[in-house]
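Okay, here's what each chain looks like letter by letter:
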Amino acid sequence: MIVLNRPSVSNHEAEAAAKVILSGHLAQGKYVAELEKKFALLCGSKYAIAVNNGTAALHTALLAIGLKAGDEVITTPFTFIATANAVSMIGAKPVFADIDLETFNLDARTIEKLITKKTKAILVVNLYGQPATYTEIRKVARRHNLIIVEDAAQSVYATYKRRRSGNLADISCFSFYATKNIMSGEGGMITTNNKRYANFSQLIRNHGQGKEKKYDYKFLGYNYRMTDVLAAVAIEQLKKIRLFTKRRQLIARKYTKEIIKIRGLIPPIVGKNRSHVYHQYTIRVTSLYGKSRDELQTYLLEKGIQSTVYYPKPLYTFSYLREGKKLPQYVNTECAAAECLSIPINTNITDRQVAYIISVLQNI
Ligand SMILES: *Cc1c(COP(=O)(O)O)cnc(C)c1O
């Protein structure tokens, strides 16, 4: 079976973890500090704060910008549930805009009409590893004095107008979950150039305690600390980020070159002035193709190829997240949820496997 998601790990990660375990210092310490330093450098941001997963990163970032219960955050309905849940965890309300069908990211033109007096932020997701259109989103944010939060869980090392993901918004959040482009099993990171947000994030991840003053709790905080064991794993992964990204991009080029010629299939489209790091390679299976999306998925499985629908249900379909009673029209989100299919693009698959997958798609 050619699996969809599988991390690239070697003795480097195993030995780094073993070294920390045997040192007897397993909790947050110098490895977390080293990872933060290197990660900030990678993104070109001033500060990086490690946490124990991407959802915690989002929750912390939203608290750090001062989001309160009752506030509204405009975001995309076509994402992983954690994006919206982080907003709900504060008692704030996710308000869903529509997406652009070419990039699967927020369509900036659908944001403005959703802004109310309660709107505090725009939570932008770089879906599948492609940065959203920040220039347009920033224009809207400036006009209405909104904070931009970047959900960069899928877009580590991607660029938009020569700036790296992690440095595209007021505050950014990453995940090192096992399937992400660089991973430590579980893990997360916040990056920002705002000193106040950075300081606040550091306090939130450790029960509201400052470094200097232990057992002095300034406000409600959480235990969102990362362990040194996993930081050591993430440091090893970080060393290979260029290699990993290049490999994903090469596989994507091979796929796109052939898939673009297949009637009814639409390969991923990369927007202007940005690079895509292909956390997922997601095609659209339109009605012009010989099989439906679900039939194709079953067929691929019979041929030993795993594929998945990210994401089959737009987030506004979940009643606990739904704002108001009547749903607006989400034409593009509905279409994406019905047509998209992600095929294998992890760093373990070989050129021969890529050629095989292409031939299966061609000879249906
Ligand atoms: C993975 C992911 C998250 C959550 O990260 P966890 O580390 O699993 O908590 C949030 N948003 C998006 C878009 C993701 O892909």
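For the structure, check the block above.
Residues numbered from 1 in each chain as written. Predicted model: local features only at pLDDT ≥ 70, side-chain atom pairs only at ≥ 80, totals over all residues. Heavy atoms only, no water.

*Asks:* Help me understand the side chain of threonine 333, please; the structure alone is not making it clear to me.
*Replies:* Locating threonine 333 in the fold gives a position in helix 10 (residues 331-339). We classify threonine 333 as buried; its relative accessible area is 0%. Of note is the side chain of threonine 333, whose polar atom sits 2.5 Å from the side chain of aspartate 98. Apart from residues lying up to four places away in sequence, threonine 333 is in contact with Pro77, Phe78, Asp98, Ile99, Pro314 and Tyr316. (Helix = DSSP H or I, 4+ residues; strand = E, 2+ residues; numbered from the N terminus. Buried < 20%, exposed > 50% of the residue type's maximum accessible area, 1.4 Å probe, protein only. Polar contact = N/O pair within 3.5 Å; in protein donor to acceptor, adjacent residues only side chain to side chain. Contact = heavy atoms within 4.5 Å.)

*Asks:* Quick question: what am I supposed to make of the site of the ligand here?
*Replies:* Surrounding the ligand, one finds 16 residues, the nearest of these being Gly54, Thr55, Asp151, Ser175 and Lys180. The separation between a nitrogen atom of the ligand and a polar side-chain atom of aspartate 151 is 2.8 Å. Lysine 180 is positioned such that a nitrogen or oxygen atom in its side chain is 3.2 Å from an oxygen atom of the ligand. Here the ligand, which alone exposes 380 Å², has 93% of that area covered by the protein. Taken together, the elements giving at least two residues each to the shell around the ligand come down to helix 3 (54-64) and helix 4 (81-89). Considering each element in turn, the shell around the ligand owes the most residues, three residues, to helix 3. (Near = heavy atom within 4 Å. Areas by Shrake-Rupley, 256 points an atom, 1.4 Å probe, with all protein chains shown as cover.)

*Asks:* Would you take a moment to explain helix 10 for this structure?
*Replies:* Given 3.6 residues per helical turn, the α-helix brings residues three or four places apart onto the same face. Within helix 10 the residues assigned to the buried category are Thr333, Ala336, Ala337 and Glu339. On the buried face of helix 10, the contacting elements are strand 11 (281-285), helix 9 (293-302) and strand 12 (340-343).

*Asks:* Any chance you could explain the sheet that holds strand 11 here in plain terms?
*Replies:* Consider a sheet: its strands pair through backbone hydrogen bonds, and that pairing is either parallel or antiparallel. Strand order in the open sheet formed by three strands is 10-11-12, with antiparallel pairing between adjacent strands. Of all the strands in the sheet, the pair left with one neighbour each is strand 10 (265-266) and strand 12. When strand 10 meets strand 11, the two strands line up antiparallel, connected through two bridges. Looking at the pairing, leucine 265 lines up with valine 285 of strand 11. Packing of helix 8 (residues 241-259) onto the sheet brings it into contact with strand 10, strand 11 and strand 12, and relative to strand 11 it is tilted by some 15°. (Pairing = 2+ DSSP bridges. Axes fitted to C-alpha atoms, helices over the stretch in contact; angles between N-to-C directions.)

*Asks:* How do you make sense of the pattern of salt bridges when you look at a structure like this?
*Replies:* Note on pairing: side chains with opposite charge can pair once their charged atoms come close. Scanning all chains against the criterion turns up 14 salt bridges. Note that glutamate 13 and lysine 240 form a salt bridge whose closest N and O atoms lie 2.8 Å from each other. Note that glutamate 13 is positioned in helix 1 (residues 11-23) and lysine 240 in the loop between helix 7 (228-239) and helix 8, a separation of 227 residues in sequence. Each member of the pair, glutamate 13 together with lysine 240, is buried. With a closest N to O distance of 3.4 Å, aspartate 216 and lysine 218 form a salt bridge. A relative accessible area of 26% means that aspartate 216 is categorised as partly exposed. Here the salt bridges do not stand alone but share partners, grouping Lys257, Glu258 and Lys261 into one network. (Salt bridge = Lys/Arg side-chain N within 4 Å of Asp/Glu carboxyl O.)

*Asks:* Sorry, what's going on with the packing of aromatic side chains here?
*Replies:* The description of an aromatic ring pair uses the distance of the two centres, along with the angle that the planes make with each other. Within the structure shown, the criterion is met by 13 aromatic pairs. Between phenylalanine 78 and tyrosine 311, the aromatic rings sit 6.3 Å apart at their centres with planes inclined by 85°, giving edge-to-face as the arrangement. Here tyrosine 311 lies in the loop between helix 9 and helix 10 and phenylalanine 78 lies in the loop between strand 2 (72-75) and helix 4, a separation of 233 residues in the sequence. With relative accessibility at 1%, the residue phenylalanine 78 sits in the buried group. According to the relative accessible area criterion, tyrosine 311 is buried, its value standing at 13%. Aromatic side chains phenylalanine 104 and tyrosine 128 sit 5.3 Å apart centroid to centroid with 75° between the ring planes, which places their arrangement in the edge-to-face category. A residue pair is termed long-range when its members are at least 10 positions apart, and phenylalanine 104 in the loop between strand 3 (93-96) and strand 4 (119-125) and tyrosine 128 in the loop between strand 4 and helix 5 (134-144) qualify at 24 residues. With respect to class, phenylalanine 104 is no different from tyrosine 128; both count as buried. (Phe/Tyr/Trp six-rings, centres within 6.5 Å; stacked < 30°, edge-to-face > 60°.)

*Asks:* It is not clear to me how helix 9 should be interpreted in this structure. Could you clarify?
*Replies:* Within the span of helix 9, buried status applies to Arg293, Leu296, Tyr299 and Leu300. Taken around the axis of helix 9, the buried residues stretch over an arc of 120°, which confines them to a single face. Those residues of helix 9 hidden inside the fold are in contact with strand 11, helix 10, strand 12 and helix 11 (351-362). Looking at the residues trailing helix 9, positive phi occurs at glycine 304, about 85°. (Arc of directions from axis to C-beta.)

*Asks:* Please clarify how the environment of glutamate 34 should be interpreted in this entry.
*Replies:* Turning to its location among the elements, glutamate 34 is positioned in helix 2 (residues 30-43). Spatially, the C-alpha atoms of glutamate 34 and tyrosine 281 are 31 Å apart, while their sequence positions differ by 247 residues.

*Asks:* How do you make sense of the sheet that holds strand 5 (residues 147-151) when you look at a structure like this?
*Replies:* Taking strand neighbours across the sheet as the criterion, the seven strands line up as 1-9-8-5-4-2-3 in an open arrangement whose pairing is mixed. Two strands bound the open sheet, and with one partner strand each, they are strand 1 (47-51) and strand 3. Ignoring strand direction, the axes of neighbouring strands in this sheet form an average angle of 25°. Pairing analysis gives three bridges linking strand 5 to strand 8 (residues 171-175), with the strands arranged parallel. Its bridge partner being in strand 8, glutamate 150 is matched across the sheet by serine 172. Each of strand 1, strand 4, strand 5, strand 8 and strand 9 (188-192) is contacted by helix 3, which is oriented at about 165° to strand 8, the strand it contacts most. Sitting on the sheet, helix 5 touches strand 4 and strand 5, and the angle it makes with strand 5 is about 150°.

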